[in-house]
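Structural description and commentary
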Amino acid sequence: MFSSLKIGLLIVLLAGAGGGFMYVKTLKADLATSEANNQKLEQSVEDQKAVITQMKADFEAQANIKATLQKQHDTLKQEFANLDKKFNKINGKGEVRDIGTLANERPDSVERIINKGTSEGNRCNEIAMGSPLTEKEKNATKKSEINSECPSIANPKYVPY
Amino acid sequence: MEQVVKAIAEHLGVDASKVVPSASLVDDLNADDFDIVEMTIAIQNATGVKISEQEEAEVVTVGDFIKLVESKSV
């Protein structure tokens, strides 16, 4: 009876040890899985941080592009207004310019001015399509030296009076 | 000369004191190409002197207008 008790106790101990072993093994596996998951999470956090940083940079770049475009828009709007003013200018006596009358009185002069404007407009298109500026265009600072159709892109040193 | 200066000052709406012979019509008085044509007509009407379109094309300064008028008034 005593030996049966010992055997029973031994079985219980072995079962306990086996259960403990399995428990520890499962714990280790769970721990390894947790560590792997943790690493994935940390990597994910790092990736998200990088994405946020990139998004911030993109946002700043977009803001800069928007500001640049707005500035260009304002400049072009002003140039368009200047061109419009060229044909409807009011002189110091309050008289509105009449190109038709001028063309009747001084046809060659008006033709010369229109031809000059056309030539300058064509040059504006060339510059807009990537043609490099000439030294003369780059260094123009006086109103008489500029391309009056598009000074903002043709004459970078020119500051309107 | 006074008639030329007056015509230019009135047309451009600037003070006559700025309309000096050395002043560039475009760079100093902010005229554009059409202003020069209009001023030529105004000067012709004020002085009775005929200025050709070719002569007008070579005008750069106030002094150029004055010289043209004076050379034809004599």
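Here is a short report on the structure shown in this document. (Residues numbered from 1 in each chain as written. Chains lettered and ligands numbered in written order. Predicted model: local features only at pLDDT ≥ 70, side-chain atom pairs only at ≥ 80, totals over all residues.)

What to know about the overall build of chain A
Looking only at helices and strands, chain A has five helices and zero strands in total. Tracing chain A from N to C terminus, the helices and strands come up as α-α-α-α-α. Relative to its full complement of 161 residues, chain A shows a buried share of 10%. If you take every contact in chain A between residues at least 6 apart in sequence, the share linking residues at least 24 apart comes to 35%. (Helix = DSSP H or I, 4+ residues; strand = E, 2+ residues; numbered from the N terminus. Buried ≥ 20, exposed ≤ 12 C-beta atoms within 10 Å, placed from the backbone. Contact = placed C-beta atoms within 7 Å.)

With respect to the interface of chain B and chain A
Residue-level contacts link 17 residues of chain B with 18 residues of chain A. When contributions to the side of chain B that touches chain A are tallied by element, the ones reaching two or more residues are helix H1 (2-12), helix H2 (33-47) and helix H3 (53-57) of chain B. The element that contributes the greatest number of residues to the side of chain B that touches chain A is H2 of chain B, accounting for five residues. Among the residues forming the side of chain B that touches chain A, the class breakdown is six nonpolar, four polar and seven charged. (Nonpolar A, V, L, I, M, F, W, Y, C, P; charged D, E, K, R; others polar.)

With respect to unusual backbone geometry
Residues and elements named next belong to chain B. Although it is not a glycine, Asn 30 adopts a positive phi angle of roughly 60°. With respect to the helices and strands, the residue Asn 30 is situated in the loop between H1 and H2. A tally of 15 C-beta atoms within 10 Å means that Asn 30 is categorised as partly exposed.

Remarks on helix H4 (residues 62-73) of chain B
Residues and elements named next belong to chain B. With twelve residues, H4 should reach 16 Å at 1.5 Å per residue; the first-to-last C-alpha distance of 17 Å fits that figure. Val 62, Phe 65, Ile 66, Leu 68 and Val 69 are the residues of H4 that are buried. Down the axis, H4 shows its buried residues gathered within 160° of arc, on one side only. Looking at the packing, one finds that the buried side of H4 touches H1, H2 and H3. (Expected span 1.5 Å × (residues − 1). Arc of directions from axis to C-beta.)

Topic: the environment of Ala 46 of chain B
All names here are of chain B. Tracing the chain through its elements places Ala 46 in helix H2. The exposure class of Ala 46 is partly exposed, given the 17 C-beta atoms found within 10 Å. Sequence separation of Ala 46 and Gln 3 is 43 residues, and the distance between their C-alpha atoms is 6.5 Å. In this structure Ala 46 touches Gln 3 and Ala 7, once residues within four positions along its chain are discounted.

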